[in-house]
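# Report on the structure
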Amino acid sequence: VRGSEISRCFGLSNLEAAPYILDIDLDAFHSRKAIRPENPSTLHRLIRNAVAITIATEPECVEQLWHDEDDRMDSEELLAELMRHIDAAL
């Protein structure tokens, strides 16, 4: 909803109407469930429609912001999971 409001301010019918670079920060994924959603269709659509993808690994931030202490992933594991999403989407 918020993305739709922002895109209308720029005269776009929706957020994905114009070419975009998908900028992903691995520290935005705070749990294994976040990087492995039950339905990854939105993530895959964003990947497929992006003209480019950038990925910030930031290992220290991933470690600090991780929520599940009993099931930790580091930035290398998260990157591998994200690359699997990119492969699946393309």
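Positive phi, close to 35 degrees, is recorded for Glu-58, a residue that is not glycine. By the element assignment, Glu-58 lies in the loop between strand S2 (52-56) and helix H4 (59-65). A relative accessible area of 31% places Glu-58 in the partly exposed class.

So, about the nonpolar core. By size, the foremost hydrophobic cluster in this structure holds 16 residues, and its most contacted members are Leu-22, Leu-26, Phe-29, Ile-35, Ile-47, Leu-78 and Leu-82. Elements represented by at least two residues in this core include exactly strand S1 (21-25), helix H3 (41-49) and helix H5 (75-89). At four residues, H5 tops the list of elements feeding residues into this core. Ignoring any residue separated from it by four or fewer positions in sequence, one finds Ile-47 in contact with Leu-22, Ile-53, His-85, Ile-86, Ala-89 and Leu-90.

The next subject is a negative patch on the surface. Taken together, the side chains of Glu-58, Glu-60, Glu-63, Asp-74, Glu-76 and Glu-77 make up a negatively charged region of the molecular surface. Mapped onto the negative patch, the elements with two or more residues apiece are H4 and H5.

With that out of the way, let us pick up the pattern of salt bridges. Counted by the stated rule, this structure contains four salt bridges. A salt bridge links Arg-32 to Asp-71, with the nearest nitrogen and oxygen atoms 2.9 Å apart. One end of the pair, Arg-32, is in helix H2 (residues 32-35); the other, Asp-71, is in the loop between H4 and H5, with 39 residues separating them in the sequence. By relative accessible area, Asp-71 is classed as partly exposed at 28%. Arg-84 is paired through a salt bridge with Glu-81; the nearest N and O atoms lie 2.9 Å apart. In this pair, Arg-84 and Glu-81 both sit in helix H5, three residues apart, roughly one turn of the helix. With relative accessibility at 48%, the residue Arg-84 sits in the partly exposed group. Three or more residues joined by partner-sharing salt bridges are found here, namely Arg-36, Glu-81 and Arg-84.

About the cut-offs
- Residues numbered from 1 in each chain as written.
- Predicted model: local features only at pLDDT ≥ 70, side-chain atom pairs only at ≥ 80, totals over all residues.
- Heavy atoms only, no water.
- Helix = DSSP H or I, 4+ residues; strand = E, 2+ residues; numbered from the N terminus.
- Buried < 20%, exposed > 50% of the residue type's maximum accessible area, 1.4 Å probe, protein only.
- Core = buried A, V, L, I, M, F, W, Y, C linked by side-chain atoms within 4.5 Å.
- Contact = heavy atoms within 4.5 Å.
- Patch = residues over 30% accessible without salt bridge, like charges linked within 9 Å, V, L, I, M, F, W, Y side chains within 5 Å.
- Areas by Shrake-Rupley, 256 points an atom, 1.4 Å probe, with all protein chains shown as cover.
- Salt bridge = Lys/Arg side-chain N within 4 Å of Asp/Glu carboxyl O.
- Lys, Arg positive; Asp, Glu negative; His and termini not counted.
- Charge placed at Lys NZ, Arg CZ, Asp CG, Glu CD.

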